[in-house]
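One letter stands for each residue in the lines below.
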Amino acid sequence: MTDQTANQSRYNRLFEKLAKKNQGAFVPFVTLCDPNLELSFKIIQCLVESGADALELGFPFSDPIADGPVIQAASIRALQAGSSNQKCFDLIARVRQAYSEIPIGLLLYSNLVVATGIESFYEKANEAGVDSILIADVPIIESQAFCEIAQKHQIAPIFIATPNASAETLRQVAENGKGYTYLLSRAGTTGTEVKAEMPVDNILNQLRQNNASPPLLGLGSPIPNRSKKPLA
Amino acid sequence: MKHNARYFGEFGGMFVPELLVPALQQLEQAFNSSQDDAEFAKEFSDLLNNYAGRPTPLTLTRNLSPNDKVKIYLKREDLLHGGAHKTNQVLGQALLAKRMNKTEIIAETGAGQHGVATAIACALLGLKCRVYMGEKDCARQQPNVFRMRLLGAEVIPVTAGSGTLKDAVNEALRDWSSSYQDAHYLLGTAAGPHPYPTMVREFQKMIGEEVHQQIIQHEGKLPDYAIACVGGGSNAIGLFHEFLPHESVKLIGVEPAGKGLDTDHHGATLNKGKKGILHGTYTYVMQDSDGQIEESYSVSAGLDYPAVGPQHAFLKDSGRVDYVSVTDQQALDAFELLSKSEGIIPALESSHALAYALVLAESLQQEATIVVNLSGRGDKDLDYVRRLKEESSHD
């Protein structure tokens, strides 16, 4: 798993396979170690056995500013159950051992990476079998240090294409993001009501023009998990 | 080393969800353009002078100093409308919100001082105001909750996490990520993502500028020491900024040591924290080895914050400012001493700066002049201190 090139990554193989079948990807999100280590593994097993095309797994963090109450509560449960960064990596390694081909993406916050050491964090992620990392509070403008080290360790950096992004930001999201592009169609945090959904056609067009990695739509729907809607 | 406006040396930055970057950039542009606009400057100084009561006096204490050779001056931000220095920068940001055609204001508050100042500015300027406040702080600072509501603000208690200032900031950021089109997030201190640390400093720097003029009038020379308490760090940077180029002025920031730096109950981020990222900025943060944020503690709600403004982190590492700490008990003793010796009841936050000034004054052998930023008045703390005294007399 350490010898991937951009052309033969798990994400690429997945998207090629789905394209042949003319299908979108279903990528569920859960927080690692929620509600505890053992049940978390069973939940992830269940997701894969039920047909998840890829996984998005969250590292618990004490102050998740981009997430709403549902995911914050999951983080708190996991931390109270004794979660740690190392236990999360160990859990991912178990998942990877059980499922060698499913793409595994992480969603987490910058301080976990910085406290571990950026280099060391990406190295551990790679060893555990992670394919991509999205840092919720590292926007394109602050991403350089993270991107360079991510690629050194064969981890795809994921960026978010937002409805309010400038053309220049979308161009950089396309250029720097690997694996897939996280498409956001709405303002607000995860799992909360918002005033309006925004049209995604315009963002999609700009991403296509810039040859961005395939988009996955973040639903952020007010149901008890974050899930992504397939995009044909 | 990063050389751009977002950073102070290695500290600072804009570590927020991508969604908030355009809102911060809009704010940065509005702030930058306001700094070259004479009309903006005129309206801001009109509000400061004729509404808030600037300039505030610089008072030479008569009875406080424990050392005849040492003069202690107080910069009287406690006399500002609203009862603390917070009003300065709130008026600046509220004017910016109007400039950006925003109609709503979101704020977080710890002690309630920033919330009250924000509610005041919103009442005056016709902005709709909602304030996030940790439920523990709501209980500690009941009078300020009532004040905010009286001024027309909506106060939203935050139950998540530790129910204190950091959780209120989390909620305010979450609110802003769905409301940025109509709402301005009026952050209360010189911390958070760029441009807040710079903008808040620029809207507080008149504190130091006035002190400079006033001390020259009183003493004919610069002070030897300028001392301020540091939670997020807005009153301290407001005092220090003017004196940064004047190397002869020793600058001292005072952090809350709570029950002691060697206990788990303190908020001395610069003394005991590690470099990390919280609320959008790379700075010193109280955290465990995994990077989970630790809960801070202080008798003073306004200093109870596990991070600190990035410019303070820079000034610590550069050595230009010394960051020391005093305990709850030292601050409470200073609170009483100033009340009895000068007839001024200070905020518990400001009492930390005062407590260190007393320690310093006692230790000095030579003649010296100390300026303490009395950043707020203590009315909001009366009930809390009374309860603490009752509890300790029962022990």
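Residues numbered from 1 in each chain as written. Chains lettered and ligands numbered in written order. Predicted model: local features only at pLDDT ≥ 70, side-chain atom pairs only at ≥ 80, totals over all residues. Heavy atoms only, no water.

### Here we look at the overall build of chain B
Item 1. Check the secondary structure of chain B and you find 15 helices and 14 strands.
Item 2. On C-alpha atoms alone, chain B measures out to a radius of gyration of 19 Å, which is about the 21 Å that the 2.2 N^0.38 rule sets for 395 residues.
Item 3. Expressed along its principal axes, the backbone C-alpha trace of chain B runs to roughly 55 × 50 × 45 Å.
Item 4. Considering chain B as a whole, with its 395 residues, one finds that 65% of them fall into the buried category.
Item 5. Taking contacts inside chain B between residues at least 6 apart in sequence as the whole, the part at least 24 apart equals 74%. (Helix = DSSP H or I, 4+ residues; strand = E, 2+ residues; numbered from the N terminus. Rg over C-alpha atoms; globule rule 2.2 N^0.38 Å. Buried < 20%, exposed > 50% of the residue type's maximum accessible area, 1.4 Å probe, protein only. Contact = heavy atoms within 4.5 Å.)

### Quick word on the sheet that holds strand β1 (residues 29-31) of chain A
All names here are of chain A.
Item 1. The strand order across the open sheet built from 5 strands is β1-β2-β3-β4-β5, with neighbouring strands paired in parallel fashion. Either end of the sheet is taken by a strand with one partner, and the two such strands are β1 and β5 (156-157).
Item 2. Strand direction decides the pairing type here: strand β3 (residues 104-108) and strand β4 (residues 132-135), joined by 4 bridges, are parallel. Bridged to leucine 106 within β4 is isoleucine 133. (Pairing = 2+ DSSP bridges.)

### Regarding the pairing of strand β7 (residues 181-184) of chain A
All names here are of chain A.
Item 1. By the alternation rule, side chains of β7 split into Thr181 and Leu183 and Tyr182 and Leu184, which are all buried.
Item 2. Direction of pairing for β7 relative to strand β8 (residues 215-218): parallel, over a ladder of 4 bridges. Residue threonine 181 lies in a different strand from β8, and its bridge partner there is proline 215.

### Structural notes on the interface of chain A and chain B
Interfaces are often sized by the accessible area lost when the parts come together.
Item 1. Taken together, the contacts link 39 residues of chain A with 36 residues of chain B.
Item 2. Counting each side, the surface lost to burial between chain A and chain B is near 3000 Å², with a carbon and sulfur contribution of 52%.
Item 3. At the junction of chain A with chain B, the criterion picks out 2 salt bridges.
Item 4. In this structure, the salt-bridge partner of Glu142(A) is Arg6(B), at a minimum N-O distance of 2.8 Å.
Item 5. Applying the counting rule to chain A against chain B returns 20 residue pairs in polar contact (both at pLDDT 80 or more).
Item 6. Mapped onto the side of chain A that touches chain B, the elements with two or more residues apiece are α3 (69-80) and α5 (110-116) of chain A.
Item 7. Within the side of chain A that touches chain B, the residues separate by chemical class into 22 nonpolar, 11 polar and 6 charged. (Buried area = accessible area lost by both parts, 1.4 Å probe. Salt bridge = Lys/Arg side-chain N within 4 Å of Asp/Glu carboxyl O. Polar contact = N/O pair within 3.5 Å; in protein donor to acceptor, adjacent residues only side chain to side chain. Nonpolar A, V, L, I, M, F, W, Y, C, P; charged D, E, K, R; others polar.)

### What to know about the packing of helix α2 (residues 38-52) of chain B against helix α3 (residues 86-99) of chain B
All names here are of chain B.
Item 1. Remark: α2 packs on α3, axes separated minimally by 10 Å, with the N-to-C direction vectors making an angle of 140°. As the angle between them shows, α2 and α3 are arranged oblique. Handedness of the crossing formed by α2 with α3: right-handed. Every residue of α3 that contacts α2 at Phe40, Glu43, Phe44, Leu47, Leu48 and Ala52 is listed here: Thr87, Asn88, Leu91, Gly92, Leu95, Leu96 and Arg99.
Item 2. Across the contact of α2 with α3, the residue classes tally to 8 nonpolar, 3 polar and 2 charged. (Axes fitted to C-alpha atoms, helices over the stretch in contact; angles between N-to-C directions. Parallel < 35°, antiparallel > 145°, perpendicular 65-115°, else oblique. Left-handed = near helix turned anticlockwise from the far one by under 90°.)

### Things to note about the packing of aromatic side chains
Item 1. A complete count under the given rule lists 15 aromatic pairs over all chains for this structure.
Item 2. Summarising the aromatic geometry, the rings of Tyr11(A) and Phe15(A) are spaced 6.3 Å apart at their centres and angled 15° between planes, so their arrangement reads as stacked. Within this pair, Tyr11(A) and its partner Phe15(A) are both found in helix α1 (residues 10-20), separated by 4 residues, close to a single helical turn. An identical accessibility class is assigned to Tyr11(A) and Phe15(A); each is buried.
Item 3. Taken together, the ring pairs in this structure connect Phe59(A), Phe89(A), Phe121(A) and Tyr122(A) into an aromatic cluster.
Item 4. Against the face of Phe41(A) rests Arg94(A), its NZ or CZ located 4.0 Å from the ring centre.
Item 5. Over the ring of Tyr297(B) we find Lys259(B), and its NZ or CZ is 5.2 Å from the ring centre. (Phe/Tyr/Trp six-rings, centres within 6.5 Å; stacked < 30°, edge-to-face > 60°. Lys NZ or Arg CZ within 6 Å of the ring centre and 35° of its normal.)

### Things to note about the confidence of the model for chain B
Item 1. When pLDDT is averaged across chain B, the result is 96; 99% of the residues are at 70 or more.
Item 2. For this predicted complex, the interface score ipTM comes out at 0.94, while the overall pTM is 0.94. (pLDDT = per-residue confidence, 0-100.)

### Points about helix α6 (residues 118-128) of chain A
Residue and element names in this part refer to chain A.
Item 1. The set of residues buried in α6 consists of Ile118, Phe121, Tyr122, Ala125, Asn126 and Ala128. Angular distribution of buried residues about the axis of α6 spans 165°; they occupy a single face of the element.
Item 2. Contacts made by the buried residues of α6 are with α4 (85-98), β3, α5, β4 and α7 (144-152).
Item 3. Looking at the residues trailing α6, positive phi occurs at glycine 129, about 100°. (Arc of directions from axis to C-beta.)

### A short note on the pattern of salt bridges
Item 1. Enumeration according to the criterion identifies 32 salt bridges over all chains in this entry.
Item 2. Across the salt bridge formed by Glu38(A) and Arg94(A), the nearest N and O atoms sit 3.2 Å from each other. Residue Glu38(A) is found in helix α2 (residues 37-49), and its partner Arg94(A) is found in helix α4; the two are separated by 56 residues along the sequence.
Item 3. Looking at Glu38(A), the relative accessible area reads 40%, which means it is partly exposed.
Item 4. With a relative accessible area of 32%, Arg94(A) lands in the partly exposed category.
Item 5. Of the charged contacts in the structure, one is a salt bridge between Lys205(B) and Glu202(B), with a shortest N-O distance of 2.6 Å.
Item 6. Since its relative accessible area comes to 22%, Lys205(B) is described here as partly exposed.
Item 7. Looking at Glu202(B), the relative accessible area reads 16%, which means it is buried.

### Some thoughts on the packing of helix α13 (residues 328-342) of chain B against helix α15 (residues 382-394) of chain B
Residues and elements named next belong to chain B.
Item 1. Orientation of α13 relative to α15, taken along the N-to-C sense of each, is 115°, at an axis distance of 12 Å. The orientation of α13 with respect to α15, classified from their angle, is roughly perpendicular. Where α13 crosses over α15, the two elements pack in a sense that is left-handed. Across the interface between the two elements, Leu332, Phe335 and Glu336 from α13 touch Leu382, Val385, Leu388 and Lys389 from α15.
Item 2. The class makeup of the residues in the contact of α13 with α15 is 5 nonpolar, no polar and 2 charged.

### Observations concerning the environment of Gln113(B)
Residue and element names in this part refer to chain B.
Item 1. In this fold, glutamine 113 is placed in helix α4 (residues 113-125).
Item 2. Given the relative accessible area of 10%, glutamine 113 is considered buried.
Item 3. Sequence separation between glutamine 113 and alanine 153 is 40 residues; the distance between their C-alpha atoms is 13 Å.
Item 4. Ignoring any residue separated from it by four or fewer positions in sequence, one finds glutamine 113 in contact with Gly82, Gly83, Ala84, Lys86, Asn144 and Lys380.
Item 5. Engagement of the side chain of glutamine 113 in a polar contact is seen with the side chain of asparagine 144, the distance being 2.8 Å.

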